[in-house]
Amino acid sequence: MKTQMNLIFATVMLLAASVMAQAQNSAKEPIYNDGERLEYIISYNASVWPRTDMGEVVFATKAENYNNVPTYKISADASTNNFFSFFYRLDDHFHTYVDQKTLRPLAHECEKKEGNWHFGSKIDFDWRTLTASTWWKNFKRTTDNTKTLSLSPQSMDPICYFYKIRSQDFSTWKDGDEQTIEIVLEDTVQQIKYRLLNREEVTIPKYKPIKALKFSCQLSRSISEDGKSRDNFYIWISDDPNKIPVLVEAPTKIGKIKARLHRMSGLKHENTNILK
């Protein structure tokens, strides 16, 4: 159960980084608003275990100063629901501060409480030197861990990528087009390869069929010695000006983990094709 729950919520957090086109040197006008809120329901599907809602992830944006710099504070909070908390409790919090002018992250913080495990981390970005200073700690131990990572101009933390993707223009993308992106974690820079599979309509509870872009995503570390992928997952993004991730799906050995859009508010563009 613990391994499955970790995969569920890690998958949703990685939608932050799954299908973002390479960031351009010049920042674009952000597509999101101060006060935007997106809520996702996490479920697990298996032949012997029909769709069961296990928890939620909430993304929220707020204008806030960070070290006297105007930023967007982007928060992502993940938790199990009351029923599944009886078996395995998860309470994770992520915060990223994005410079309003450059749309680059200045800092990323997280605190995870999963079962009896308590973990914290922070990443400070220095774009003048293209480095990131990272700190992380398992609070059951006395040791603090630190590391300095080299960055490229396209490097970002996962939460920042969740929003950066929505400023990209996919109108020229053809089925099969793919790119690789970089995500900064505590002790490494992780690559994810993503490919546009097709444009299609996707159906999720509460909403009419949604016109969406479907991407397949592959973690670079998930390639085995035989060259086969072990951790592919899929994401559908609304094919409209808001570019909202509406569904994430990660196959497992015995079923599928899904994150589906549940509620949204404070959107910048009114002309969305996501209708109830």
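Residues numbered from 1 in each chain as written. Predicted model: local features only at pLDDT ≥ 70, side-chain atom pairs only at ≥ 80, totals over all residues. Heavy atoms only, no water.

Further remarks concern the overall build of the protein. Scanning the protein from terminus to terminus reveals 3 helices and 14 strands. Out of the 276 residues in the protein, the part that is buried amounts to 50%. If you take every contact in the protein between residues at least 6 apart in sequence, the share linking residues at least 24 apart comes to 53%. By element, 47% of the accessible surface of the protein is carried by carbon and sulfur atoms, the whole surface being about 13500 Å². (Helix = DSSP H or I, 4+ residues; strand = E, 2+ residues; numbered from the N terminus. Buried < 20%, exposed > 50% of the residue type's maximum accessible area, 1.4 Å probe, protein only. Contact = heavy atoms within 4.5 Å. Areas by Shrake-Rupley, 256 points an atom, 1.4 Å probe, with all protein chains shown as cover.)

Considering all chains together, one arrives at 13 aromatic pairs under this definition. On the basis of an interplanar angle of 20° and a centroid distance of 5.2 Å, the ring pair of tryptophan 117 and phenylalanine 119 is categorised as stacked. Overall, the relative accessible area of 9% leaves phenylalanine 119 in the buried class. Geometrically, the ring pair formed by phenylalanine 125 and tryptophan 127 is stacked, given 5.7 Å between the ring centres and 5° between the ring planes. Exposure remark for phenylalanine 125: the relative accessible area of 9% places this residue in the buried category. (Phe/Tyr/Trp six-rings, centres within 6.5 Å; stacked < 30°, edge-to-face > 60°.)

This brings us to the pattern of salt bridges. By the definition in use, this model includes 10 salt bridges. Residue aspartate 53 pairs with arginine 260 through a salt bridge whose shortest N-O separation is 3.1 Å. One end of the pair, aspartate 53, is in strand β2 (residues 49-66); the other, arginine 260, is in strand β14 (residues 255-265), and 207 residues separate them in sequence. For aspartate 53, a relative accessible area of 29% gives the class partly exposed. On the basis of relative accessibility, which here comes to 11%, the residue arginine 260 falls in the buried class. (Salt bridge = Lys/Arg side-chain N within 4 Å of Asp/Glu carboxyl O.)

What follows concerns the environment of threonine 148. By the secondary structure assignment, threonine 148 is in strand β8 (residues 145-150). Taking relative accessible area as the criterion, threonine 148 reaches 56% and is therefore assigned exposed. Separated by 16 residues in sequence, threonine 148 and alanine 132 have C-alpha atoms that sit 5.6 Å apart. Excluding residues within four positions of it along the chain, threonine 148 makes contact with Thr131, Ala132 and Ser133.

On the surface, a cluster of nonpolar side chains totalling about 420 Å² of accessible area is made up of Phe83, Phe86 and Phe87. With respect to the helices and strands, the residue phenylalanine 83 is situated in helix α2 (residues 82-85). (Patch = residues over 30% accessible without salt bridge, like charges linked within 9 Å, V, L, I, M, F, W, Y side chains within 5 Å.)

Glancing now at the environment of lysine 243. Here lysine 243 is to be found in the loop between β12 (233-238) and β13 (245-251). On the accessibility criterion, lysine 243 (15% relative accessible area) is buried. C-alpha of lysine 243 to C-alpha of phenylalanine 170: the two residues are 73 residues apart in sequence and 9.8 Å apart in space.

A separate point is the nonpolar core. One finds Phe215, Ile244, Val246 and Leu261 to be the most contacted residues of the largest nonpolar core, which totals 53 residues. If one sorts the elements of this core by residue count, strand β11 (residues 210-219) sits on top with 6 residues. Ranked by size, the runner-up nonpolar core spans 7 residues in total, among them Phe125, Trp127, Leu151 and Val184. (Core = buried A, V, L, I, M, F, W, Y, C linked by side-chain atoms within 4.5 Å.)

Looking now at the pairing of strand β9 (residues 178-184). Every other side chain in a regular strand lies on the same face of the sheet, so the side chains alternate between the two faces. Alignment of β9 against strand β10 (residues 189-202), held across 7 bridges, turns out to be antiparallel. Across the sheet, threonine 180 pairs through a bridge with lysine 193, a residue of β10. Linking β9 to β10, which pair antiparallel, is a turn of 4 residues. (Pairing = 2+ DSSP bridges.)

A separate point is the pairing of β8. As paired strands, strand β7 (residues 131-138) and β8 are joined by 6 bridges and run antiparallel to one another. Among the inter-strand pairings, tryptophan 135 is bridged to a residue of β8, identified as threonine 146. From the end of β7 to the start of β8, which pair antiparallel, there are 6 residues.

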